[in-house]
Amino acid sequence: MASSKENKTKHSYANLERTEIELQVRPQTLSAFVGQKDTVDALQAYLKAALLRKEPLDHVLLSGPPGLGKTSLARIIANDSHAGFSQVTAPNIKRPGDLAKILSSLQAHDVLFVDEIHRLPAPAEELLYGAMEDRMLDIAVGDGMVANSIQITLPPFTLIGATTRPGDLTAPLRDRFGIRFHLEFYSEDDLILILERAAGIWKIEHEKIALQEISKRARSTPRVALHLLRRVWDYALSESNNLHEPIHAAAALNAFERMHIDGEGMTKLDRLFLQNIAKHYDGGPVGLKPLSALLAEDITTLEDFVEPYLVRRAFIKRTPRGRMLTQEAYTHLGLKKHKTGDLFEP
Ligand code: ADP
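Residues numbered from 1 in each chain as written. Predicted model: local features only at pLDDT ≥ 70, side-chain atom pairs only at ≥ 80, totals over all residues. Heavy atoms only, no water.

> What am I meant to see in the overall build of the protein here?
Broken down by element type, the protein carries 15 helices and eleven strands. A principal-axis box enclosing the C-alpha atoms of the protein has dimensions of 70 × 55 × 35 Å. Counting contacts in the protein only where the partners sit at least 6 residues apart, residues at least 24 apart contribute 69% of the total. Accessible surface, the protein as shown: approximately 17,600 Å² in total, 51% of it carbon and sulfur. (Helix = DSSP H or I, 4+ residues; strand = E, 2+ residues; numbered from the N terminus. Contact = heavy atoms within 4.5 Å. Areas by Shrake-Rupley, 256 points an atom, 1.4 Å probe, with all protein chains shown as cover.)

Here it is in structure tokens:
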């Protein structure tokens with residue numbers, strides 16, 4: 001039987017790694033950062049004002065689905081304010097001491113990026129309150145009867161938190177971010193700009209129409225677009241055997257067929273997700289837990305990656321009792337709902 005790890009690679013690219021290759025095309029300046037106009041405009045002003053005041057930027061919260069550019073923006077903020085940058089993922093902070101160590105090694109004006117900040121354990125989060133508000137760090141020393149605490153004043157710094165689930169943040173933490181941006185999904189035109197830039201850096205010969213085909217299937221997400229470009233290039237190259245042969249539209253379409261990605265950017269996992277709701281739950285409502293077991297996928301992948309796109313495409317509705325298929329989903333899957341609730345292929 002296939003392990004759940006094998007299932008993941010077969011069905012989805014939800015757990016794309018942040019590879020070296022991706023780092024080569026990560027934008028380093030705000031001018032290379034495509035789209036998100038309102039966020040970029042506001043950041044330009046805030047950064048300029050902070051530089052003039054010789055102060056670090058206020059703490060920033062970036063929210064939005066994975067792959068939309070939160071980490072890239074955090075790095076750009078550090079670059080543009082000529083500040084040091086350090087990064088930690090919240091689930092890696094097990095004890096408040098882990099966070100205290102990171103905070104106490106910050107230099108003046110440094111940027112500390114905390115990814116998945118909604119997953120910070122409560123005691124670590126509480127430590128952050130004082131650090132963000134008054135630059136005070138309370139550290140517990142000793143044990144039992146001789147337990148004590150010492151206070152350290154931190155240098156001025158900027159905390160940048162990133163989250164895919166802004167609703168999971170506690171109010172006291174959310175309120176300590178003076179600047180908050182929610183990143184939007186990208187238009188196909190913006191994705192083409194991102195792909196053209198990456199194709200230039202990676203030296204990928206291509207026809208523009210091939211990039212258009214990729215952008216249509218990229219779930220409005222730069223990371224997915226870049227990933228698809230690499231895979232389409234692999235398939236095209238393996239057939240042409242010629243590094244100088246541009247990727248034609250036909251080669252891109254052939255690659256998508258082989259990857260089982262349809263014209264809407266739906267993967268095998270997306271289709272299985274919908275089919276399972278149709279076949280086993282009569283269109284829903286159903287919770288994510290049973291679907292996660294049926295699909296051998298973890299809930300986070302379904303919740304952060306699969307669902308937002310299916311909701312956006314109006315294939316599923318979230319209701320208080322669970323997920324429900326829409327008529328559009330039945331049409332897309334080529335299934336009809338029978339009067340009795342049974343399904344049949346039309
Ligand atoms: P997140 O932190 O939101 O998961 P990342 O910042 O890691 O997303 O972005 C994923 C990749 O997509 C980056 O390496 C970068 O190359 C590309 N990318 C994301 N947003 C943009 C953008 N606005 N312009 C150009 N490239 C982008």
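> For this particular structure, what's the right way to read the packing of aromatic side chains?
Two measures describe an aromatic ring pair: the distance that separates the ring centres and the angle between the ring planes. Under the criterion given, the structure shown has two aromatic pairs. Aromatic pair Tyr 46 and Phe 181: ring centres 6.4 Å apart, planes at 20°, arrangement stacked. Taken together, the residues Tyr 46 in helix α3 (residues 37–53) and Phe 181 in strand β7 (residues 179–182) connect sequence positions 135 residues apart. By relative accessible area, which is 38% here, Tyr 46 ends up partly exposed. Judged by its relative accessible area of 9%, Phe 181 is buried. (Phe/Tyr/Trp six-rings, centres within 6.5 Å; stacked < 30°, edge-to-face > 60°. Buried < 20%, exposed > 50% of the residue type's maximum accessible area, 1.4 Å probe, protein only.)

> What should I look at first to understand helix α8 (residues 188–202) in this one?
For an α-helix, 3.6 residues make a turn, and residues three or four places apart therefore share a direction. In a regular helix each residue adds 1.5 Å, so 15 residues correspond to 21 Å; α8 covers 20 Å between its end C-alpha atoms and thus fits that length. Listing the buried residues of α8 in full gives Leu 191, Ile 192, Ile 194, Leu 195, Ala 198, Ala 199 and Trp 202. Seen end-on, α8 carries its buried residues on one side only, within an arc spanning 165°. Of the surrounding elements, those touching the buried residues of α8 are α2 (20–24), α9 (208–216) and α10 (222–240). Immediately beyond the C-terminal end of α8, within one or two residues, lies Lys 203, with a positive phi of roughly 55°. (Expected span 1.5 Å × (residues − 1). Arc of directions from axis to C-beta.)

> Please clarify how the domain arrangement of the protein should be interpreted in this entry.
For interface size, the figure often reported is the accessible area lost on association. Per the domain assignment, the segments making up the protein are domain 1 (36–182), domain 2 (188–258) and domain 3 (266–344). Here the C-alpha centroids of domain 2 and domain 3 sit 29 Å apart. (Domains from an automatic or database assignment.)

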